[in-house]
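Descriptive structure summary
Listed below are the residues making up each chain.
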Amino acid sequence: MASAFLLDMTRCIGCEACVLACKAGNELPVEMQYIELIERTSGTFPNLVGGFENHRCYHCTDAACVAVCPTGALFKEDGLTRLDRDACSGCGYCVQACPYGVPKMVGGRSSKCDACASNVGAGGSPWCVTTCPAQALQFGDREKILAEAKSRVAALKDRYPKVQVYGETQAGGLGLVLVLPDDPETLDIPADPPLVPVTVDVWKHIVQPVSMGATALAAVGAGVLGVIARRNHLAELKELEEQEKAGVAAGGSESTEEER
Amino acid sequence: MSGHDHEGEILRYRTRQRIVHAVMASSFLILLITGLALVWGPLAFIAAGGWSRYLHRIAAVGFISVPFLYILLDRAGAREVLVESFQYDHDDVVWFKKMYRYALGRTSDMPPQGRLNAGQKLHHSAVIIFSAVIVATGIVLWGFKSSLSPTMLAWTAMIHDLSMLALTLLLVGHVFFTYVYKAWSSMATGYVPEDEMKLEHGKWVEELEHQVATGSES
Ligand code: HEM
Ligand code: SF4
Ligand code: SF4
Ligand code: SF4
């Protein structure tokens, strides 16, 4: 069952309660922060449209970060993108690949919202959602979240003519459904980030274990065979030496004249 | 001209060739471990602090410099390994067919081999090719990562990693034959026992003898 967040840009009042709740709830060190509120506006003064983008991981279904992550530190679970920081090597590929510029390098490792993996896994709900005073954030079954987003959009049509749901299809469908008051481009949000073929990811997850296994097997095999083969070779050399001795004793070896 | 202390031995690798090999082998092993730390979760803690990533780059400079170093230090040797590794004759074909015997430590009825036997040719040529691939993809990942699309980044990294796999498997075979045929001395001292060379590299020894007989430098 895929889960998802609802982020309603028309409701967010920019209070930053989610930012703080996330940091406190997940006991993040000072230099780490998963949510960044970015003010996005379009139009000119009297007709200004906009709000605060709750910028954090968009939990793409076809996540570019997961596709490029060589260690498997980034992975998909229940439609969300998790990050196991202990397994992260700090290669930085995810920072490079994410179309939304989400992962940051902190202390040599990648850092991003993991959808409160520990909390939600234990039956709780994400800290940011619990704390939002304006009902701009929700979390739940993705189908229900999508339905909720659509009904909110329908209700907002009069106030914001271009209001729309974002995230239904982008990057294979986002685990974070936004209610945008305007077209994404005008709010500086990519309308349709390029897709990363999942094949690369599948490849990696098959190729890597197979490679490690093959190498280990080859090394062990070479070790065992090596002992046997060396014994054979030494026996062969000894035999040759004896033959040569016998030849020398008999007085005539053909090709060893120069040396001895 | 083999000195008195190398009675019954012949020179197989000159000191400068052995230096080049040592640079290649040590930089490769550092690259292998620090590279593995970048792609394998259980070793990721080594890379995450950052220092092993710098070490990977320092070793990469060493590895990339190998062909230049070889040309600089021993042009003739560099030429030899490059040319000979890609030239296979009929004896080599027969050698490959009987390779399983050679792998079991039995040389007696293998066809006569030149300075490099067919297996060494295959190893060296494969090392040259995969090294070129790994250097090319490595340079892209080092300096041009930001201009790659996520898909290209994933592919480049995968080709890089698979070339490393190939080189590692080649290394397993390389060390295997070094052990079975007691070849270590050729890299440790540069000299190898002549009677073993007659058995394993008959055509080469003949060639050396011919050169001595006709007075041309070897
Ligand atoms: C640490 C383990 C290694 C050992 C014990 C080792 C040992 C040797 C030995 C004994 C030889 C001489 C074989 C002969 O008699 O012709 C040799 C040659 C060679 N090895 Fe290694 N080696 C090691 C690692 C490597 C690595 C990592 C590479 C490359 C990735 C490599 C590439 C070569 C090449 C290209 C030659 C031919 C040298 C030339 O013609 O100049 N070796 N090695
Ligand atoms: S938004 Fe970026 S970090 Fe989050 S899942 Fe998508 S690609 Fe990964
Ligand atoms: S920095 Fe970490 S999480 Fe990001 S791709 Fe590399 S190993 Fe994966
Ligand atoms: S879901 Fe959890 S980790 Fe993600 S931003 Fe909200 S509080 Fe932070």
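**Side note on the overall build of chain B**
Across its full length, chain B holds 11 helices and two strands. Shown N-terminal to C-terminal, the secondary structure of chain B runs as helices and strands in the order β-α-α-α-α-α-α-α-α-α-β-α-α. Dimensions of chain B along its principal axes, counting C-alpha atoms only, are 60 × 35 × 30 Å. A separation of at least 24 residues holds for 69% of the contacts in chain B among residues at least 6 apart in sequence. Split by element, the accessible area of chain B, about 11600 Å² in all, is 69% carbon and sulfur. Separation between the mean location of the 18 positive side-chain charges and that of the 19 negative ones in chain B comes to 10 Å.

**Examining the coordination of the iron atom of ligand 1**
All names here are of chain B. On the protein side, the iron atom of ligand 1 has His21 (NE2) and His174 (NE2) as donor atoms, found 2.0 Å from it. Geometry at the iron atom of ligand 1 is octahedral, judged from its six donor atoms and the angles of 82 to 179 degrees they form at the metal. Of this pair, His21 sits in helix α1 (residues 15–39) while His174 sits in helix α8 (residues 150–180), placing them 153 residues apart in sequence. By relative accessible area, His21 is classed as partly exposed at 29%.

**Some words on the domain arrangement of chain A**
All names here are of chain A. Along its sequence, chain A is carved into domain 1 (3–194) and domain 2 (197–260). Domain 1 and domain 2 are separated by 57 Å when their C-alpha centres are compared. Counting residues at the interface gives seven residues for domain 1 and five residues for domain 2. Buried area between domain 1 and domain 2, both sides added, is near 390 Å², and the carbon and sulfur share of it is 45%. On the domain 1 side of the contact with domain 2, Val66, Ala67 and Pro70 bury the most area, a combined 68% of that side's loss. At the junction of domain 1 with domain 2, the criterion picks out one residue pair in polar contact (both at pLDDT 80 or more). Residue classes in the side of domain 1 that touches domain 2 are distributed as five nonpolar, one polar and one charged.

**Some points on the sheet that holds strand β8 (residues 137–141) of chain A**
Residues and elements named next belong to chain A. Reading across from one edge, β8-β1-β10-β9 is the order of the four strands in this open sheet, with mixed pairing throughout. Of all the strands in the sheet, the pair left with one neighbour each is β8 and β9 (164–166). On average, each strand axis in the sheet is inclined to that of its neighbour by 25 degrees, with strand direction left out of account. Two elements, β9 and strand β10 (residues 176–180), share three bridges in a ladder whose sense is antiparallel. Directly across from Tyr166, in β10, lies its bridge partner Leu178. Most of the contacts of helix α6 (residues 142–156) go to β8, to which it runs at about 140 degrees, and overall it touches β1 (3–8), β8, β9 and β10.

**Some details on the confidence of the model for chain B**
Per-residue pLDDT for chain B averages 90, and the proportion of residues at 70 or more is 97%. Here the predicted complex scores 0.84 on pTM and 0.82 on ipTM.

**Focus on the pattern of salt bridges**
Residue and element names in this part refer to chain B. Evaluated as defined, the whole model comprises 15 salt bridges over all chains. Between Arg115 and Glu84 there is a salt bridge, with its nearest N and O atoms 3.0 Å apart. Placement of Arg115 in the loop between α6 (99–103) and α7 (118–143) and of Glu84 in helix α4 (residues 75–85) is noted, with a sequence separation of 31 residues between them.

**Re the site of ligand 3**
Near ligand 3 there are 13 residues, and of these Cys69, Cys88, Cys91, Gly92 and Cys94 of chain A occur at the shortest range. Class assignment of the residues belonging to the shell around ligand 3 gives a composition of eight nonpolar, five polar and no charged.

**Overview of the confidence of the model for chain A**
When the pLDDT values of chain A are averaged, the result is 84; 90% of them are 70 or greater. Every residue in residues 252–260 of chain A is under pLDDT 50, and counting partners more than four places away or in other chains gives 11 contacts.

Conventions used here
Residues numbered from 1 in each chain as written. Chains lettered and ligands numbered in written order. Predicted model: local features only at pLDDT ≥ 70, side-chain atom pairs only at ≥ 80, totals over all residues. Heavy atoms only, no water. Helix = DSSP H or I, 4+ residues; strand = E, 2+ residues; numbered from the N terminus. Contact = heavy atoms within 4.5 Å. Areas by Shrake-Rupley, 256 points an atom, 1.4 Å probe, with all protein chains shown as cover. Lys, Arg positive; Asp, Glu negative; His and termini not counted. Charge placed at Lys NZ, Arg CZ, Asp CG, Glu CD. Donors = N, O, S within 2.8 Å, 3.2 Å for Na, K, Ca; no water. Tetrahedral: all angles 85-135°; square planar, octahedral: opposite > 155°, others 65-115°. Buried < 20%, exposed > 50% of the residue type's maximum accessible area, 1.4 Å probe, protein only. Domains from an automatic or database assignment. Buried area = accessible area lost by both parts, 1.4 Å probe. Polar contact = N/O pair within 3.5 Å; in protein donor to acceptor, adjacent residues only side chain to side chain. Nonpolar A, V, L, I, M, F, W, Y, C, P; charged D, E, K, R; others polar. Pairing = 2+ DSSP bridges. Axes fitted to C-alpha atoms, helices over the stretch in contact; angles between N-to-C directions. pLDDT = per-residue confidence, 0-100. Salt bridge = Lys/Arg side-chain N within 4 Å of Asp/Glu carboxyl O. Near = heavy atom within 4 Å.

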